Amino acid sequence: MFWHGCGATTKRPRMKNSLKRNAPVGGGVAGVWRPRPEEQPKEVAMPVQIIKSTCLPEYAISVRQPWAELLLRRQKTVEYRLWPLPEMYWNKWLCLHISVGMTRKEKKDAVIFCGTSDLPRGGYAGKIRFGRPYLGKTPPEVQAYVQHHRCWYWPVTGIEWMAFTPAKGQLRIFKVK
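Conventions we followed
- Residues numbered from 1 in each chain as written.
- Predicted model: local features only at pLDDT ≥ 70, side-chain atom pairs only at ≥ 80, totals over all residues.
- Heavy atoms only, no water.
- Helix = DSSP H or I, 4+ residues; strand = E, 2+ residues; numbered from the N terminus.
- Buried < 20%, exposed > 50% of the residue type's maximum accessible area, 1.4 Å probe, protein only.
- Contact = heavy atoms within 4.5 Å.
- pLDDT = per-residue confidence, 0-100.
- Phe/Tyr/Trp six-rings, centres within 6.5 Å; stacked < 30°, edge-to-face > 60°.
- Lys NZ or Arg CZ within 6 Å of the ring centre and 35° of its normal.
- Core = buried A, V, L, I, M, F, W, Y, C linked by side-chain atoms within 4.5 Å.

Q: Would you mind showing me how to read the overall build of the protein here?
A: Of the regular secondary structure elements, the protein holds four helices and nine strands. Going residue by residue from the N terminus, the α and β elements of the protein occur as β-β-α-α-β-α-β-β-α-β-β-β-β. Here the protein, with 177 residues, has 32% of them falling under the buried criterion. Here the contacts in the protein between residues at least 6 apart in sequence split such that 75% fall between residues at least 24 apart.

Printed below as a string of structure tokens:
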């Protein structure tokens, strides 16, 4: 068999088996590789549960408004608590759950800091990651909410928005349901 290329008739170069398998199929352009139909990858549908488990963190923490909104806007970089963040959650992603409750003072603060008191409540709104916590003196602006002279500072090391998903929350860190 002869190969006609560039106007000259020459013998077709011999190919190794691995190159023949990847040769153009069905009149394809030389040098462009396309797998044969029997070698096409099969599409596998992933169950919804696997997709959910890879996107959402396993644990969550509830934060009240307007503080959750300020965290999401990256205007608040430290979360203040009376208890230390357990070491197993340091630099781990947690779902950010926004509590349903909102006091009158928090509504007034929401208008001051966010421009409105009509903020989403009662569900997941993002993911948050905290660094190593440290114990310190309670700042004056937080003393109205934390009635203690010392509190734990949880530095925020990462925050991501996500579509709001209504859900019931709990106190402390809890497992996402």
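Q: Before we go on, may I ask you to explain the confidence of the model for the protein in this structure?
A: One rule of thumb: low pLDDT means the predicted coordinates there are not for detailed reading. The predicted model of the protein averages 75 in pLDDT, with 69% of residues at 70 or higher. Overall, residues 1-10 carries pLDDT values under 50, and its contacts beyond four positions in sequence, including any with other chains, amount to 10 contacts. Low pLDDT, under 50, characterises residues 44-54; the predicted model gives this stretch two contacts beyond four residues in sequence or across chains.

Q: What should I look at first to understand the packing of aromatic side chains in this one?
A: By convention here, two paired aromatic rings are described through the distance between centres and the angle between planes. The full count for this structure, using the stated rule, is six aromatic pairs. Ring geometry for Tyr80 versus Tyr153: centroids 5.0 Å apart, planes at 80 degrees, classification edge-to-face. A residue pair is termed long-range when its members are at least 10 positions apart, and Tyr80 in strand S4 (residues 78-81) and Tyr153 in strand S8 (residues 150-166) qualify at 73 residues. Here Phe130 and Trp154 contribute two aromatic rings whose centre-to-centre distance is 5.2 Å and whose plane-to-plane angle is 75 degrees, an arrangement assigned as edge-to-face. With Phe130 in strand S6 (residues 123-130) and Trp154 in strand S8, the pair connects residues that are 24 residues apart, well separated along the chain. Per residue, the accessibility class of Phe130 equals that of Trp154, and both read buried. Aromatic rings pair up to connect Tyr80, Tyr134 and Tyr153 into one cluster. The ring of Trp154 has Arg81 sitting right over it, with the charged end atom 5.6 Å from the ring centre.

Q: I keep staring at the nonpolar core and nothing clicks. Help me out?
A: Counting 23 residues, the largest nonpolar core has Ile61, Leu94, Ile128, Phe130 and Ile173 as its most contacted members. Secondary-structure elements contributing two or more residues to this core are strand S3 (59-63), helix H3 (67-72), strand S5 (93-98), helix H4 (104-114), S6 and S8. Examining the composition of this core, we find that five residues originate from one element, H3, more than from any other. With sequence-adjacent residues up to four places away left out, Ile61 is seen in contact with Arg81, Trp83, Leu94, Cys95, Leu96, His97, Ile128, Phe130, Trp154, Arg172, Ile173 and Phe174. Judged by nonpolar contacts, the second largest core, of six residues, contains Tyr80, Val142, Val146 and Cys151.

Q: Honestly, the side chain of Glu69 in this entry has me stumped. Any pointers?
A: Relative to the elements of secondary structure, Glu69 occurs in helix H3. By relative accessible area, Glu69 is classed as buried at 8%. Every residue in contact with Glu69, bar those within four places of it in the chain, is listed here: Cys114, Leu119, Pro120 and Trp161.

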